[in-house]
Amino acid sequence: MWVPGVGLPSRLMLSALTRAARFCILKSGAVRRMDVPAGNRRGLSDYYPHLMPSVGFGKSSSRVYRCRSETKRYITSPRVAETLVRILRGKRKSCQLFLECNPGPGILTRALLESGAKVIALESDKTFIPQLKSLGKKVNGRLEVVYCDFFKLDPRSRGLLTPPIMTSDMLFQYLGIEAQPWSKGAPLKAIGILPPKNERNALWKLLHDLYSCTSVYKYGRVELNLFITEKECRKIMANPQNPGLYQALSVLCQIACGIKLLHTESCLSFGTYTANGQLAKQKHRESLEQNLCFIQLTPHKDLFTGTLTPFNYDVFFHMLRQCFMKRGAKLIDHLHSLSPIDAMHILKQIKKSKDVKVIDMYPEDFQHLFETIECYKDDNYKWLYDDFMEDVII
């Protein structure tokens with residue numbers, strides 16, 4: 001459900017929104033998710049986030065966390081760990097801060113510590129907590145271990161949360177990490193492996209958090225260093241030269257972040273663990289033949305210096321999803337259902353022909369299209385909407 005903001009300039013106010021009608025007519029795309037607090041909007045490049053009051057860790061909850069029902073990959077090869085440290089650390093000798101997501105047996109944790117780094121280990125499986133804490137006692141406070149699932153921070157359905165489920169405010173305030181303005185560098189580097197069964201959902205959630213400047217991105221331009229499957233990696237890096245892989249996710253990732261492929265590794269270099277903490281054998285031949293790609297996602301410093309903001313990002317998401325529903329269609333056919341503005345005029349402004357197709361548009365072309373419609377001055381109404389994205393992460 002999307003609701004108007006309160007106390008905003010008139011150009012950002014919702015002009016008409018009716019649940020019963022098929023279309024909603026919006027001015028300047030001024031809508032937001034109900035679960036994104038007004039205080040989290042970043043209208044300026046140097047916006048400082050306002051943190052919520054400190055929230056205690058609940059002692060009970062009706063939510064049952066089933067970490068064992070979810071398959072997780074772990075780095076089990078010292079060689080891979082040393083390679084990653086060499087890539088991430090380079091020749092730096094300073095005490096960099098790394099947020100390691102689900103370190104498991106701590107192979108990478110140990111390699112990072114040996115390089116002189118400081119590590120915050122967020123582990124969602126209690127089996128590994130004791131050995132990680134034991135390691136922490138040997139490194140003079142350079143390892144902090146927290147029972148937490150990074151990929152489930154700030155769940156959409158709130159209530160009383162208990163670890164490993166928690167909010168980013170709970171976590172960062174506990175760790176004493178302060179927010180930094182968007183114009184500064186990354187406050188920390190996060191390292192992890194996307195959950196195998198929910199890889200796409202995890203990517204969508206991270207993108208929504210980034211574009212809305214919520215969750216960890218309230219604290220600045222957090223750099224993500226993630227292992228993802230080679231298939232997903234090719235998709236998020238695709239463009240019109242790879243029409244079979246190119247999709248809305250590709251555009252959103254490339255507009256928001258600088259993407260670097262740092263390393264490729266066979267799935268054989270990773271392991272999963274059984275309920276009693278024993279290393280399990282990999283079963284499926286298909287998974288054994290896959291590679292995992294280690295990519296770096298660095299949010300662009302100038303992401304919010306133009307028309308796109310954490311307040312209207314949802315319009316941009318919708319525009320892309322609508323276009324890629326029929327990726328082989330002409331862009332002009334989509335424009336008729338996206339905006340009341342004359343489609344030929346829009347195409348002229350973005351310097352595209354009437355025959356251009358969706359899959360011929362590069363990410364920067366879609367951004368130009370969005371900005372052209374958002375900044376159109378000769379019409380009070382910018383967008384036509386179906387009721388959409390009640391649940392945007394699919």
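Residues numbered from 1 in each chain as written. Predicted model: local features only at pLDDT ≥ 70, side-chain atom pairs only at ≥ 80, totals over all residues. Heavy atoms only, no water.

A.B. asks: How would you explain the overall build of the protein chain if you had to name every residue and give the values?
C.D. replies: Looking only at helices and strands, one finds twelve helices and 14 strands in the protein chain. Counting over 394 residues, the protein chain shows a buried share of 53%. Long-range contacts, defined as pairs at least 24 residues apart, comprise 73% of the intrachain contacts of the protein chain with a sequence gap of at least 6. (Helix = DSSP H or I, 4+ residues; strand = E, 2+ residues; numbered from the N terminus. Buried < 20%, exposed > 50% of the residue type's maximum accessible area, 1.4 Å probe, protein only. Contact = heavy atoms within 4.5 Å.)

A.B. asks: Describe the UniProt feature "binding site: S-adenosyl-L-methionine" (unreviewed entry) in the protein chain, listing the residues and the values that go with them.
C.D. replies: Cross-referencing UniProt, the feature "binding site: S-adenosyl-L-methionine" (unreviewed entry) maps to Ile 75, Glu 123 and Asp 149 in the present numbering. Among the structural elements, Ile 75 can be located in strand S4 (residues 74–75). Judged by its relative accessible area of 9%, Ile 75 falls in the buried class. Setting aside anything within four residues of it in sequence, one finds Ile 75 in contact with Val 80, Ala 81, Leu 84, Pro 105, Ile 107, Leu 108, Ile 193, Phe 227 and Phe 270. Inspection of the secondary structure assignment puts Asp 149 in the loop between strand S7 (143–147) and helix H4 (168–175). Asp 149 sits in the buried class, given a relative accessible area of 2%. (UniProt positions renumbered as here; feature names shortened; annotations may be inferred.)

A.B. asks: With reference to specific residues and values, describe the packing of helix H1 (residues 78–89) against helix H2 (residues 107–114).
C.D. replies: A pair of packed helices is characterised by two quantities: the angle between their axes and the separation of those axes. Two numbers describe how H1 lies on H2: the axes approach to 9 Å, and their chain directions differ by 45°. Looking at the two axes, H1 sits oblique to H2. Seen along the crossing, H1 lies across H2 with a hand that is right-handed. Contact residues: Pro 78, Ala 81, Leu 84 and Val 85 in H1; Ile 107, Leu 108, Ala 111 and Leu 112 in H2. Of the residues contributing to the contact of H1 with H2, the split by class is eight nonpolar, no polar and no charged. (Axes fitted to C-alpha atoms, helices over the stretch in contact; angles between N-to-C directions. Parallel < 35°, antiparallel > 145°, perpendicular 65-115°, else oblique. Left-handed = near helix turned anticlockwise from the far one by under 90°. Nonpolar A, V, L, I, M, F, W, Y, C, P; charged D, E, K, R; others polar.)

A.B. asks: So what about the pattern of salt bridges? Which residues, and what values?
C.D. replies: Taken as a whole and judged by the stated rule, the model has eight salt bridges. In this structure, Glu 232 and Arg 200 form a salt bridge, with 3.2 Å as the shortest nitrogen-oxygen distance. Placement of Glu 232 in helix H6 (residues 230–236) and of Arg 200 in helix H5 (residues 199–212) is noted, with a sequence separation of 32 residues between them. When salt bridges that share partners are traced, they join Arg 200, Glu 232 and Lys 235 into one network. (Salt bridge = Lys/Arg side-chain N within 4 Å of Asp/Glu carboxyl O.)

A.B. asks: Which residues make up helix H7 (residues 248–256), and what values do they have?
C.D. replies: Of all nine residues in H7, eight are buried; the element is thus mostly enclosed. Where H7 is concerned, the buried positions are Ala 248, Leu 249, Ser 250, Val 251, Leu 252, Cys 253, Ile 255 and Ala 256. In this fold, the buried residues of H7 make contact with H5, H6, strand S10 (257–266), strand S13 (291–299), helix H9 (313–325) and helix H12 (363–374).

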